[in-house]
Amino acid sequence: MKTIAIIIPAYEPNENLITLVKMILESSQTNDCPLIIVNDGSGPSYKKIFDNLSKDNNVTIINHQQNLGKGRALKTAFKFLQNHYPDVEAAVTIDSDGQHTVSDMWKCIVEFQQKGNENPIILGSRMFSGKIPFRSKFGNIFTRNFLSAASGLSISDTQTGLRVIPSIYFSELENLEGERFEYEMNMLIYAKENGIKIYEVPIETIYLEKNESSHFDPIKDSLRIYHVFLKFIISSLTSFFIDIVIFTVLMFILKDQNFNSIFLSSIVARVISAFYNYTMNQKK
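Residues numbered from 1 in each chain as written. Predicted model: local features only at pLDDT ≥ 70, side-chain atom pairs only at ≥ 80, totals over all residues. Heavy atoms only, no water.

What about the pattern of salt bridges?
Inspection of every chain in the model, using the stated rule, returns ten salt bridges. In this structure, Lys47 and Asp51 form a salt bridge, with 2.6 Å as the shortest nitrogen-oxygen distance. Taken as a pair, Lys47 and Asp51 lie in helix α2 (residues 47-54) at a separation of four residues, close to a single helical turn. Asp51 sits in the partly exposed class, given a relative accessible area of 33%. Connected through salt bridges with shared partners, the residues Lys70, Asp95 and Glu184 form a single ionic network. (Salt bridge = Lys/Arg side-chain N within 4 Å of Asp/Glu carboxyl O. Helix = DSSP H or I, 4+ residues; strand = E, 2+ residues; numbered from the N terminus. Buried < 20%, exposed > 50% of the residue type's maximum accessible area, 1.4 Å probe, protein only.)

Below, the structure is given as C-alpha cells:
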C-alpha cells in the first residue's frame, strides 16, 4: 500500500473534529498514514481541542498564529510533508467539521491507488440529494456551470474539500495563487491547464446543523471564487483578440507574396496568442 498522508485544515473547530480524528485513528488502515492538522489561527478558546488532539503520537498539529485561510493551511501542510515525509505518495484532504465520513475518505484513497500510475487528483463529490442548504446547493451549481463554460472542465462538485492529491504536485501547489476557499478552485484550473486527470468518487452529502459550522462567507468568498473565473475568461478572450489582430495584420503584409500567406499568418498568430495565454495563466 502506498503511504498516504491525511491533512485536516481546521479553523475554530467544534467537537466534531475530535470525533473525526478518533474515527480516522481507529481505522485499521491508518497505521502508516501521517495525520496533519493545521490550526489556522483558531485562537485561545480552541486550545483545549487542539491540546486534546496533540496527545496522540500519530497526530501532528501545525499552528498558524492568525487566520490565513484554508488555501494557506493546505499549502502549509504540503510544505511540511515535503520537508518531513518525502516518501509520501499523496495526501488526502478532509474537512474538520465532520461532513465527510471516514469510509468516503477511504473510497477516494482506494480510487487513487487503483489509478495511481496516472497521478490523478481524486475528488470526493457530493450528490446533493435530500435536504441541502440553499446557499450550498446554489453555490455549487453556479460554480460548476461557470467552470464548465469558462474552461470546458466538467466537475459535479467543484467545492468539495475531500481530495486526494499526488505528492508530485505539492511544490507547484505551494506557489498556486489563492489563500482561502478560492484556492480549491484554482487547483482544478491548474489540473486542467497541466493535463492532470481528475476522477470523481460519489460520497455522502452531509450537512450538520444546516451547515452552520462552515466558515465560508457567501459574499466575500464567492467573490474570490468568481474572480478566478473572471481572470480566466479575460485571458482567453484577450488571446482570441490577439490571434485575430495578428492574423489580419500578417495577411495584409503578405498578401502579395508568392507563398501561402493564410497558412503562415495562421501559424504565427496562433503561436503568439498561445504564448500570451500561457504567460498570463502562469501569472494567475
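Some points on the side chain of Ser125
Position of Ser125 relative to the elements: it lies in strand β5 (residues 121-126). Relative accessible area serves as the criterion here: at 1%, Ser125 is assigned to the buried category. Each residue touching Ser125, except ones within four places of it in the same chain, is listed here: Ser156, Asp157, Glu200, Val201, Pro202 and Ile203. (Contact = heavy atoms within 4.5 Å.)

Concerning the environment of Asn52
Structurally, Asn52 can be placed in helix α2. A sequence separation of 34 residues divides Asn52 from Ile18, and the C-alpha atoms of the two residues are 8.0 Å apart.

So, helix α1 (residues 15-26)
Its twelve residues give α1 an end-to-end C-alpha distance of 17 Å, which sits within 8% of 16 Å, the value for a rise of 1.5 Å per residue. Against the buried residues of α1 lie β1 (4-10), β2 (35-40), α2, β3 (59-64) and α4 (102-115). Its side-chain oxygen at 2.9 Å from the backbone nitrogen of Asn16, Asn14 defines the N-terminal cap of α1. (Expected span 1.5 Å × (residues − 1). Polar contact = N/O pair within 3.5 Å; in protein donor to acceptor, adjacent residues only side chain to side chain.)

Remember that the coordinates give geometry; whether it matters functionally is a separate question.
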